[in-house]
Amino acid sequence: DGSLFHAPAQAQIVHAGQACVVKEDNISERVYTIREGDTLMLQCLVTGHPRPQVRWTKTAGSASDKFQETSVFNETLRIERIARTQGGRYYCKAENGVGVPAIKSIRVDVQYLDEPVLTVHQTVSDVRGNFYQEKTVFLRCTVNSNPPARFIWKRGSDTLSHSQDNGVDIYEPLYTQGETKVLKLKNLRPQDYASYTCQVSVRNVCGIPDKAITFRLTNTTAPPALKLSVNETLVVNPGENVTVQCLLTGGDPLPQLQWSHGPGPLPLGALAQSGTLSIPSVQARDSGYYNCTATNNVGNPAKKTVNLLVRSMKNATFQITPDVIKESENIQLGQDLKLSCHVDAVPQEKVTYQWFKNGKPARMSKRLLVTRNDPELPAVTSSLELIDLHFSDYGTYLCVASFPGAPVPDLSVEVNISSETVPPTISVPKGRAVVTVREGSPAELQCEVRGKPRPPVLWSRVDKEAAMLPSGLPLEETPDGKLRLEHVSRDMSGTYRCQTARYNGFNVRPREAQVQLNVQSVPPVPPEVEPSSQDVRQALGRPVLLRCSLLRGSPQRIAAAVWRFKGQLLPPPPAVPAAEAPDHSELRLDAVTRDSSGSYECSISNDVGSATCLFQVSAKAYSPEFYFDTPNPTRSHKLSKNYSYVLQWTQREPDAVDPLLNYRLSVRQLNQHSAMVKAIPVRRVEKGQLLEYVLTDLRVPHSYEVRLTPYTTFGAGDMASRIIHYTEPINSPNLSDNTCHFEDEKICGYTQDLTDNFDWTRQNALTQNPKRSPNTGPPTDISGTPEGYYMFIETSRPRELGDRARLVSPLYNASAKFYCVSFFYHMYGKHIGSLNLLVRSRNKGALDTHAWSLSGNKGNVWQQAHVPINPSGPFQIIFEGVRGSGYLGDIAIDDVTLKKGECPRKQMDPNKVVVMPGSGAPRQPHPQLWGPMAIFLLALQR
């Protein structure tokens, strides 16, 4: 009925990294424990058809650990050197559009143990009115770890506990960060002066060793104490070399000294060495607080601070203040006038000011007063007051600020007082009250100031509450009255205020004006179209309509649309009436042919720019989609080193194009160049129908690349490829006489017996030890290829006479009366012991019975044995290798087959090794062979 073959996504997380332990929590939650610094590897194994896409995500960790979203099959998540912040829950999401996505999660627990920190605190209390003093010592040990650490306190090498010594108390204080244990030594006794060790342990989880820290307590143990070689405030000149010494006056053990600077790090070039801080050629920017700290983990750290002041002066400003009492804003003869001068200096209070009039020092008189700290002005400002202004007071006044005796250049500022000295006015130039600009371009706002002198202009924003200027400042000074803005954005729109400053001019109410800035939205934008690229499939002879749509742009209209086929211009499609203003352009192909297949381009423009839609038109079939979840796809064959593989797939959208005629199958062994090619005819293929094909005569244990290409009357369609790997089947009598070649690590479900002396070893000629004992053991497996594996017992030291190794098969349910166990053995060496075959019956408890045994040297050949057994219920078979009298006694087995029915009557010549011919595919009459590989198809009609 052609019903769809789809399977929803399923997922499971497996770990392949350096796990310490993976445990299921009581809430059946999976927890994966790993040591900090190891490599985390999680794999999401998925099933489902079509093949699901996998994506890893994470919660509960720092935001910096976001993964790139991945979409790769069987995605492996790998984190090298995992950090504690990367613990948390990891989710794997598998999605294939069928049903709901599968989501699995695992919690990753990162384990670590930091170095412990030990601090000591002492208290002394007077007892019974000063007759004697009691001393109590607290040793506090803190560590960060996961899982929580266990603490052990030791005095010398003896472990301490309150029960053994009532002079000690061990407790966990409240409100501590990390984990902390305190050892309290009450009323100190002579024997308490000793070495104390705090040992922390996470019980060797993840192999993390214990850590410890030791402190020696003596009667001189004391917290650090400090003094400085300079005063707490140090004033220096720029360019001087500064040296400050931090001297220890106490502390046992010897404290560590460290210098720091606030704010910010120590200046470049500064050197802090064993308590001495030196700053060569100090600059004004090096001013600040310098802290010397001494720590020895006893008591609290000692700290001393130096406030370093480097003499400097900058920003000389002046103010002209008309008669305040008369509330005047102009200079008028007969009224008072005050001139003020200020510099920003370090240290501010050490600045001296000097006034000059017309080049000569200003003389104090009844009408000319100089005051140092004007209460109405910033600290340390000098004012020159002119009482009852006369015409003779007009002139040029100069204020000079200096640091006496310091090599800091003087700063000066000049003020002209005349009948032309007038307060400022401010206005916006004509036509500049509203400035309109496009988003992203620069803008200039301008205010003009008149007056003498002309003060700076301060800009701020009016309409937004406490809004900042684009510079990030609330107020910006411009010397010329122009505020320049780069790359304006929409949020810069609004009203801006310009006002006169009250310095470097008249100290009067600021004059102000306003400018409106309008930012126009987006400039013209070139078009965006869809589809940018589209794959168009259609059967031969059928029509196709290609449509290219304008998604967005400014202006949002199509000015021109041009179509090309394989780069050549096509005649324009019929025009649409202008009134309809289309948002797309269409091209109709009457029939898809071989000649009309190829790439079509539609270029759409909107006067600003253009964009292109790309269409690939063809009648090619879509690719097949392999089915990866075939149960037990591998079949291996008795006595031959061949296997067959069941290949299954569905065809993607078979009805989109002409009916499928056949598939071309190519099979290539990896690492080889030549491939076998075969055409496979098919009848009508339905959407979702599962097709099946059996590949035979594949060589164990090689992998192959399979390529599958659909063909229609148009020709080849899209190819799909996959790699198939040989996997050993789990040996069971119900699996049609499978042979175990021991080619993969699962060894067909065989296990090592836990009650024997040693184990069987799986190896091949490539992995065997080059130093192995000569004159014993096989050179290769039964197939003679270096890649082929076999099982053997290694009898060199430390093995002894009579040691046994047992290899136990899976449990088989007996469904027949007789079975035959066939296998090859290799018993070569002068010290060969015995090889035994036992049958373990599982009827009522386990009962082992001997079925076959062979001893002694049988030569450097593989030989075959057939052993009949008749189990009475569920059973297992056991190969037991027994060590002989010396090291030349390696015994090997290979190609074990368990078959229902009786063993072959005629025993083969034991000296001949026979490899049975390929047994072909199990489900069909013998197919036509091509080369060494035979393939046939079973189209599964449901």
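Counting restarts for each chain, with residues numbered from 1 along the sequence as it is written. Thresholds applied to this predicted model are a pLDDT of at least 70 for local features of residues and 80 or more for the giving and counting of side-chain atom pairs; totals over whole chains, interfaces and linings are not thresholded and use all residues. Only hydrogens and water are set aside when side-chain values are computed; all heavy atoms of the structure are taken into account.

Participant: Please explain the overall build of the chain as it appears in this structure.
Facilitator: Segments assigned H or I by DSSP are reported as helices when at least four residues long, segments assigned E as strands when at least two residues long, and all are numbered from the N terminus. When helices and strands are counted, the chain shows zero helices and 73 strands. Every one of the 942 residues in the chain was classed for burial, and the buried ones make up 44%. A fraction of 70% describes how many contacts in the chain between residues 6 or more apart in sequence connect residues 24 or more apart. Computed with a 1.4 Å probe, the accessible areas rest on the Shrake-Rupley method; for each residue, only the protein chains presented here act as cover. As displayed, the chain has an accessible area near 48300 Å², and 50% of this comes from carbon and sulfur atoms. A simple rule labels every residue: compare its accessible area, found with a 1.4 Å probe on the protein chains alone, to the largest value its type can have, and call it buried under 20%, exposed over 50%, or partly exposed in between. Should any heavy atoms of two residues lie within 4.5 Å, those residues are counted as being in contact.

Participant: Hey, could you run me through the packing of aromatic side chains in this one?
Facilitator: The relation between two aromatic rings is expressed through the spacing of the ring centres and the mutual angle of the planes. Only rings of Phe, Tyr and Trp enter the pairing, Trp through its six-membered ring, and a pair is recorded when the two centres are within 6.5 Å. The plane angle decides the type: under 30 degrees is stacked, over 60 is edge-to-face, the rest tilted. Under the counting rule described, the total for this entry stands at 15 aromatic pairs. Through successive ring pairs, a cluster of aromatic residues spans Phe-823, Tyr-825, Trp-852 and Phe-879. Only when the NZ atom of a Lys or the CZ atom of an Arg is both within 6 Å of the ring centre and within 35 degrees of the ring normal do we say a charge sits over the ring. Of note, Arg-537 hangs over the ring of Tyr-622, and the distance from its end group to the ring centre comes to 4.3 Å. Sitting above the plane of the Tyr-789 ring, Arg-762 keeps its charged end 3.6 Å from the centroid.

Participant: How should I be thinking about the sheet that holds strand β12 (residues 150-155) in this particular structure?
Facilitator: By way of backbone hydrogen bonds, the strands of a sheet pair with one another, either parallel or antiparallel. Here four strands make up an open sheet; going across it, the order is β13-β12-β16-β17 and the pairing antiparallel. Two strands bound the open sheet, and with one partner strand each, they are β13 (158-159) and β17 (211-216). One ladder, built from two bridges, connects β12 with β13; its direction is antiparallel. Across the sheet, Lys-154 pairs through a bridge with Thr-159, a residue of β13. Strand pairing requires that DSSP identify at least two bridges connecting the strands.

Participant: Which parts of the structure should I look at to understand unusual backbone geometry?
Facilitator: Backbone geometry follows two general trends: most residues other than glycine have a negative phi, and most peptide bonds adopt the trans configuration. Here Lys-452 and Pro-453 are connected by a cis peptide whose omega angle stands at -5 degrees. Tracing the chain through its elements places Pro-453 in the loop between β37 (448-452) and β38 (457-461). In this structure, Phe-742 takes a positive phi of about 60 degrees despite not being glycine. Its location among the elements puts Phe-742 in the loop between β61 (739-740) and β62 (751-752). Assessed through its relative accessible area of 0%, Phe-742 is described here as buried. We note that Asp-895 has phi near 50 degrees; this positive angle belongs to a residue other than glycine. Examined against the element boundaries, Asp-895 turns out to sit in strand β71 (residues 891-900).

Participant: So what exactly am I meant to see when it comes to the state of the cysteines here?
Facilitator: Note on terminology: disulfide describes a covalent bond linking the sulfur atoms of two cysteines. The rule for a disulfide is simple: a pair of cysteine sulfur atoms within 2.5 Å. With the rule as written, the count across this model stands at eight disulfides. Here Cys-141 connects covalently by a disulfide to Cys-198, the sulfurs 2.0 Å from one another. For the disulfide bridge between Cys-141 and Cys-198, the dihedral angle about the S-S bond is near -80 degrees, and by the sign convention the bridge is left-handed. Of this pair, Cys-141 sits in strand β10 (residues 132-143) while Cys-198 sits in strand β16 (residues 195-201); the two residues are 57 residues apart in sequence, bridging distant segments of the chain. Both residues of the pair, Cys-141 and Cys-198, belong to the buried class. Paired through a disulfide, Cys-740 and Cys-748 show a sulfur-sulfur distance of 2.0 Å. Around the S-S axis, the bridge from Cys-740 to Cys-748 shows a dihedral of about 85 degrees and counts as right-handed.

Participant: Could you clarify how one ought to interpret the pairing of strand β7 (residues 88-95) in this entry?
Facilitator: Within a regular strand, the side chains alternate between the two sheet faces. Relative to strand β8 (residues 102-113), β7 runs antiparallel, the two being bridged by seven bridges. Directly across from Tyr-90, in β8, lies its bridge partner Ile-106.

Participant: What am I meant to see in the confidence of the model for the chain here?
Facilitator: In low-pLDDT segments, the atomic positions of the prediction should not be examined closely. How sure the predictor is of each residue is captured by pLDDT, a score from 0 to 100. With 88% of its residues at a pLDDT of 70 or more, the chain has an overall mean of 85. Below a pLDDT of 50 lies the segment residues 60-73, which in the model reaches 23 contacts outside its immediate sequence neighbourhood of four places, other chains included. Within the model, the stretch residues 909-942 combines pLDDT values under 50 with 80 contacts to residues more than four positions away or in other chains.

Participant: Sorry if this is basic, but what is going on with the side chain of Gln-863 here?
Facilitator: Along the polypeptide, Gln-863 turns up in strand β69 (residues 863-869). Counted as a polar contact is a pair of N or O atoms within 3.5 Å, where, for protein atoms, one must be capable of donating a hydrogen and the other of accepting one, and residues adjacent in sequence contribute only when both atoms are in side chains. Within the structure, Gln-863 has its side chain in polar contact with the backbone oxygen of Lys-858 (distance 3.0 Å).

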